[in-house]
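As a plain string of letters, each chain reads:
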Amino acid sequence: QSDELTSSSSSSSSSAHKAKCNIIAMGISTFAMNLVGVDDNGDLIGVDESMTYACNSTYVTDECKSLRSQLTEQQQRDLYRRTGAPI
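Predicted model, so just to flag it, every value in this text is computed and none were measured.

(A) Quick look at the confidence of the model for the chain. In the predicted model, the chain carries a mean pLDDT of 74, and the fraction of residues at 70 or more is 70%. Per-element confidence in the chain is highest for helix α3 (residues 73–83), whose mean pLDDT is 92, and lowest for helix α1 (residues 2–18), whose mean pLDDT is 51.

The structure is reproduced here in structure tokens:
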């Protein structure tokens, strides 16, 4: 995949050069957070001890709703602007 990205980046740069424009910046993010609970042997200890960035369990959904209810819309926007994380 790294070669594909390099090829794509080079292609974009080459296309921009032909079009007589400058690429000022290019950003790519591959961040994902997963926490998996394991025992001393490295064996999975259960779903309840694991967490994923895409978690939408009832508990997490309820916590988000509770937090949203405690913040005004402006505070929610400010939080998003500061952290990049919507509630």
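Next comes the rest of the account.
(B) Spatial organisation of the pattern of salt bridges. According to the stated counting rule, one finds two salt bridges in the structure shown. Between R77 and E73 there is a salt bridge whose closest N-O contact spans 3.9 Å. In this pair, R77 and E73 are both assigned in helix α3, four residues apart and thus about one turn of the helix distant. Overall, the relative accessible area of 60% leaves E73 in the exposed class. Note that R81 and D78 form a salt bridge whose closest N and O atoms lie 2.6 Å from each other. Of the two residues, R81 and D78 both sit in helix α3, three residues apart, roughly one turn of that helix. The exposed category is assigned to R81, whose relative accessible area is 61%.

Cut-offs applied
- Residues numbered from 1 in each chain as written.
- Predicted model: local features only at pLDDT ≥ 70, side-chain atom pairs only at ≥ 80, totals over all residues.
- Heavy atoms only, no water.
- pLDDT = per-residue confidence, 0-100.
- Helix = DSSP H or I, 4+ residues; strand = E, 2+ residues; numbered from the N terminus.
- Salt bridge = Lys/Arg side-chain N within 4 Å of Asp/Glu carboxyl O.
- Buried < 20%, exposed > 50% of the residue type's maximum accessible area, 1.4 Å probe, protein only.

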